[in-house]
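# Tertiary structure, described
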Amino acid sequence: MIKLQQDAEGFIRMKQHFPASTPITISFNDGTEGQFTGRQLNAAYDAALAEYRAQNHLDAKGFNRAAKKKSDPGNKIEFVRVDPGMGA
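Residues numbered from 1 in each chain as written. Predicted model: local features only at pLDDT ≥ 70, side-chain atom pairs only at ≥ 80, totals over all residues. Heavy atoms only, no water.

## Description of the nonpolar core
Soluble globular proteins tend to pack their nonpolar side chains together in the buried interior. Counting 16 residues, the largest nonpolar core has L4, I12, M14, I26, L41 and V80 as its most contacted members. For this core, the secondary-structure elements that each account for two or more residues are β3 (23–27) and α1 (38–55). When residues no more than four places from it in sequence are discounted, the contact partners of V80 are G10, F11, I12, M14, A44, Y45 and A48. (Core = buried A, V, L, I, M, F, W, Y, C linked by side-chain atoms within 4.5 Å. Buried < 20%, exposed > 50% of the residue type's maximum accessible area, 1.4 Å probe, protein only. Helix = DSSP H or I, 4+ residues; strand = E, 2+ residues; numbered from the N terminus. Contact = heavy atoms within 4.5 Å.)

The following block contains the structure:
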């Protein structure tokens, strides 16, 4: 079992996918706890990554195909927004 804590902005730190069947407990800022599987959090991670890439005009692999200028090499995200009702 993995235990995570939501930060003040409503995010958890998640640098990569968790194993799909792993039970994960998140302690939310409002004092509640939620039980999730790795599969549920992986879906939230994938959605957050897709949103990040779309906002930054990156393709599905995270590359900027349009401009050939120097850009931020940070093609990854580390924080995923979570809320107590997302498992329903």
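## Topic: the layout of surface pockets
Roughly 190 Å³ of volume is contained in the second largest pocket. Lining the second largest pocket we find F11, A44, A47, A48, E51, Y52, Q55, I77, F79, V80 and R81. Those elements that place two or more of their residues in the lining of the second largest pocket are α1 and β5 (79–81). With 6 residues, the single largest contributor to the lining of the second largest pocket is α1. Residues that form the lining of the second largest pocket fall into these classes: 8 nonpolar, 1 polar and 2 charged. (1 Å grid on protein atoms, 1.4 Å probe; cavity = no way out; pocket = protein on both sides within 12 Å on 5 of 7 lines; lining within 4 Å. Points joined across faces, edges and corners; volume = space filled by probe spheres on them. Nonpolar A, V, L, I, M, F, W, Y, C, P; charged D, E, K, R; others polar.)

What is shown is where atoms sit, not what they do.
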